[in-house]
Amino acid sequence: MTLNIHRTKRLILFAAALLMFSYTLHAGKTKTKFLEVEFLSDVKSIIPGSSFRIGLSLEIKKGWHTYWRNPGDAGMEIKLDWDLPEGFNAGEIKWPVPEKLPFAGMANYIYEDELVLISDIYVPPGFSSETAVIGLKANLLVCKEKCLPDSFSIRKTLPVSTKSTEIDKSIAALFDNIESGLPEKAAFQLNAEILNGSISLLIPHDFLEGKSFDSIEFYPYYKGIFDHGAEQEIINEEGSYKLMLTLGLFADGPPSRLNGLLILLDKNKNKKVLEIDVPIINKS
Amino acid sequence: MKITRIFMAILIIIFASVGMQAGAIAIDKAAPDFTLLDHKGKEVKLSDFKGKYVVLEWINFGCPFVKKHYKSKNMQMLQEKYTGKDVVWLSICSSAPGNQGHFENSRIGELINNFGYKGSHYLIDESGEIGKLYGAKTTPDMRIINPEGILIYAGAIDNIVSTKPDDVKDAENYVAKVLDAVLAGEERPMKVSKPYGCSVKYAK
């Protein structure tokens, strides 16, 4: 009888230790001078021939900021280098909507406080290892009044299962919440044109569904083409608003497409963000 | 009636041309003249150098992107190489007083010595007027002006956006690329690129 109790106790202790050990293995946390980093996955095990989501959670030191995929007039976008097992693929980063920071006639697109960058990870069907190590190297520029480079490496080990995947409910809920805040793709094509060096985006009144907006702004995905600090004048034409965009000094001619985010703010500061990708028609 | 119409037409033409001249700096247009003091207090005018190629280098010794090029000795190498080919190299600091990169003249002298600076002049643009005139956004941010006073290049120093001095040797240097071509009488291989660096620390 006594022997059984001891064995049970030992088994329980062993199981507890294993749980704690696997938690730290899975935890994927690190800290830098400016960042508290967590590497999250929405599954507890991965299945060959499927995909799951990885999220890089960054808590940025108060008062400091880092940059969007287009940093704006200065700065540097967050750079991620994946280190994945053979046959794995990481999808594009799902960039959350940045803040526009205007200053001295220029503007940058930044992130402050908290940020979670989510990517889909594809697992090849033939993957036969028992575990998969997902690694990432990040390079950032973190700025307050001055700018400093920051970087880290982080990895996460996930067990491979052949049965149905085990979803991490709380992480999945977090990711779903973040993804619900990502820009929606614009429901119908807007028109963009260039006339005598001036690019304009035509937004039909219908497009705004009768709602009135206090401000409309365009954040381009292109780096270095547009004058980010220039005021984006809105001209009210027949049936549509014309948003005027200015090319910067470093543009070698106009781009062929206009892609980026359209930010619409109503009078209660509610933000609607649309992702647009339209050809620019030359009317010169 | 006729005279009034002609007068109006002339007025319109005058206003239109003034508007165009007051417009922003542009590639293949005349680079506007400026006068600045260097760190030794000497007055330097862009027009002093008509007949020579001039490189403008926006600088801030506190910025990690500028340090990348100075710690690796890349900037000093370019300065020495091209001033040796009769190119004038003007570094311009448009940091406002109290902002990063702004130093007392004596401190500039020290930094220049320590880094082994090989440019022609380190010019002080505290008000930021010349930086804004030339559309300088970052440090570094480069301009190349030809002997006729035309702006022929604006943008980055090279093609690797990072703060790592190690990256300099792997990068394609745009300033060298353009200067080597035009000094050999060849066609300019590029006109613009997106500059990278810290923002120029203009007054808020």
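First, a word on what this report is: a plain description of the structure on this page. (Residues numbered from 1 in each chain as written. Chains lettered and ligands numbered in written order. Predicted model: local features only at pLDDT ≥ 70, side-chain atom pairs only at ≥ 80, totals over all residues. Heavy atoms only, no water.)

Side note on the sheet that holds strand E6 (residues 89-90) of chain A
All names here are of chain A.
(1) Moving on: Read across the open sheet, the 5 strands follow the order E1-E2-E3-E9-E6; overall the sheet is antiparallel. Bordering the open sheet on either side are strand E1 (29-31) and E6, each of which pairs with just one other strand.
(2) Moving on: Lying on the sheet, helix H2 (residues 169-180) is in contact with strand E2 (35-41), strand E3 (51-60) and strand E9 (114-122); it crosses E3 at an angle near 75°. (Pairing = 2+ DSSP bridges. Helix = DSSP H or I, 4+ residues; strand = E, 2+ residues; numbered from the N terminus. Contact = heavy atoms within 4.5 Å. Axes fitted to C-alpha atoms, helices over the stretch in contact; angles between N-to-C directions.)

Quick word on the sheet that holds strand E4 (residues 88-93) of chain B
Residues and elements named next belong to chain B.
(1) Moving on: Judged by pairing direction, the sheet is mixed, and its 7 strands sit side by side in the order E2-E1-E5-E4-E3-E7-E8 without closing on themselves. At either end of the open sheet lies a strand with only one pairing partner, and these are strand E2 (43-45) and strand E8 (151-155). Strand-to-strand, the axes of this sheet are offset by a mean angle of 30°, without reference to chain direction.
(2) Moving on: In this structure, E4 lies alongside strand E5 (residues 121-124), joined through 4 bridges in parallel fashion. Looking across to E5, one finds that Leu90 is bridged to His121.

Section: the nonpolar core
(1) Moving on: Counting 42 residues, the largest nonpolar core has Phe61, Tyr70, Trp89, Tyr122, Ile144 and Tyr153 of chain B as the members making the most contacts within it.
(2) Moving on: The leading source of residues in this core is helix H6 (residues 174-183) of chain B, at 6 residues.
(3) Moving on: Apart from the residues within four sequence positions on either side, Tyr153 of chain B is in contact with Ile27, Met142, Arg143, Ile144, Tyr174, Val178, Met190, Lys191, Val192 and Ser193 of chain B.
(4) Moving on: With 41 residues, the next largest nonpolar core counts Phe34, Phe88, Ala138 and Val142 of chain A among its residues. (Core = buried A, V, L, I, M, F, W, Y, C linked by side-chain atoms within 4.5 Å. Buried < 20%, exposed > 50% of the residue type's maximum accessible area, 1.4 Å probe, protein only.)

Remarks on the state of the cysteines
Residues and elements named next belong to chain A.
(1) Moving on: Under the defined criterion, the tally for this structure stands at 2 disulfides over all chains.
(2) Moving on: Each sulfur in the disulfide pair Cys143 and Cys147 lies 2.1 Å from the other. On the sign convention where negative means left-handed, the S-S torsion of about 110° between Cys143 and Cys147 marks this disulfide as right-handed. A single burial state applies to Cys143 and to Cys147, both of which are buried. (Disulfide = S-S within 2.5 Å.)

Describing the packing of aromatic side chains
Residues and elements named next belong to chain A.
(1) Moving on: A full pass over the atoms with the stated rule returns 15 aromatic pairs over all chains.
(2) Moving on: Between the aromatic rings of Phe34 and Trp64, the centroid separation amounts to 4.4 Å while the plane-to-plane angle is 45°, which identifies the pairing as tilted. Placement of the pair is Phe34 in the loop between E1 and E2 and Trp64 in the loop between E3 and strand E4 (65-72), with a sequence separation of 30 residues. As far as burial versus exposure is concerned, Phe34 and Trp64 are alike and both buried.
(3) Moving on: Within the aromatic cluster, the residues linked to one another by ring pairs are Trp68, Tyr109, Tyr219 and Tyr221.
(4) Moving on: The ring of Tyr221 has Arg69 lying over it, and the distance from NZ or CZ to the ring centre is 3.5 Å. (Phe/Tyr/Trp six-rings, centres within 6.5 Å; stacked < 30°, edge-to-face > 60°. Lys NZ or Arg CZ within 6 Å of the ring centre and 35° of its normal.)

Looking at a positive patch on the surface
(1) Moving on: Taken together, the side chains of Lys33, Lys61, Lys144 and Lys146 of chain A together with Lys67 and Lys71 of chain B make up a positively charged region of the molecular surface.
(2) Moving on: Structurally, the position occupied by Lys146 of chain A is in the loop between strand E10 (131-143) and strand E11 (147-159). (Patch = residues over 30% accessible without salt bridge, like charges linked within 9 Å, V, L, I, M, F, W, Y side chains within 5 Å. Areas by Shrake-Rupley, 256 points an atom, 1.4 Å probe, with all protein chains shown as cover. Salt bridge = Lys/Arg side-chain N within 4 Å of Asp/Glu carboxyl O. Lys, Arg positive; Asp, Glu negative; His and termini not counted. Charge placed at Lys NZ, Arg CZ, Asp CG, Glu CD.)

Points about a negative patch on the surface
(1) Moving on: Together, Glu59, Glu112, Asp113 and Glu114 of chain A line one region of the surface with negative charge.
(2) Moving on: The topology assignment puts Glu112 of chain A in strand E8 (residues 106-112).

Examining unusual backbone geometry
(1) Moving on: The linkage connecting Thr139 of chain B with the following residue, Pro140 of chain B, adopts the cis geometry, with an omega of -5°.
(2) Moving on: For Ala104 of chain A, which is not glycine, the phi torsion reads 45° and is therefore positive.
(3) Moving on: Note on placement: Ala104 of chain A falls in the loop between strand E7 (99-103) and E8.
(4) Moving on: By relative accessible area, Ala104 of chain A is classed as partly exposed at 25%.

Here's the deal with the interface of chain B and chain A
(1) Moving on: Counting residues at the interface gives 33 residues for chain B and 23 residues for chain A.
(2) Moving on: On the chain B side of the contact with chain A, Lys137, Val192 and Lys194 of chain B bury the most area, a combined 29% of that side's loss.
(3) Moving on: At the boundary of chain B with chain A, the tally comes to 1 salt bridge.
(4) Moving on: Secondary-structure elements contributing two or more residues to the side of chain B that touches chain A are helix H2 (64-71), E8 and strand E9 (198-199) of chain B.
(5) Moving on: When residues of the side of chain B that touches chain A are assigned to their parent elements, the largest contribution, 3 residues, is made by E8 of chain B.
(6) Moving on: Of the residues assigned to the side of chain B that touches chain A, the class counts are 15 nonpolar, 9 polar and 9 charged. (Buried area = accessible area lost by both parts, 1.4 Å probe. Nonpolar A, V, L, I, M, F, W, Y, C, P; charged D, E, K, R; others polar.)

A word on the side chain of Gln100 of chain B
(1) Moving on: Locating Gln100 of chain B in the fold gives a position in the loop between E4 and helix H4 (105-115).
(2) Moving on: Gln100 of chain B gets classed as buried once you look at its relative accessible area, which sits at 17%.

A look at H2 of chain A
All names here are of chain A.
(1) Moving on: Over its 12 residues, H2 runs 16 Å from end to end, which matches the ideal 16 Å to within 8%, given 1.5 Å per residue.
(2) Moving on: All of the buried residues along H2 are Ile171, Ala172 and Phe175. Projected onto a plane normal to the axis of H2, the buried residues spread over an arc of 100° and lie on a single side. Exposed residues on H2 whose side chains face more than 90 degrees from its buried face are Lys169, Ser170, Asn177 and Ser180. (Expected span 1.5 Å × (residues − 1). Arc of directions from axis to C-beta.)

Some thoughts on the pattern of salt bridges
(1) Moving on: Applying the stated rule across the entire model yields 22 salt bridges over all chains.
(2) Moving on: Residue Glu193 of chain A is joined to Lys283 of chain A by a salt bridge in which the shortest nitrogen-to-oxygen separation is 3.3 Å. In this pair, Glu193 of chain A is assigned in strand E13 (residues 191-195) and Lys283 of chain A in the segment after strand E19 (271-282), connecting sequence segments 90 residues apart.
(3) Moving on: For Asp86 of chain B, the salt bridge goes to Lys52 of chain B, with nearest N and O atoms at 3.2 Å. Within this pair, whereas Asp86 of chain B is found in the loop between helix H3 (74-83) and E4, its partner Lys52 of chain B is found in the loop between E2 and strand E3 (54-58), the two being separated by 34 residues in sequence.
(4) Moving on: Accessibility expressed as a relative area gives 47% for Asp86 of chain B, which makes it partly exposed.

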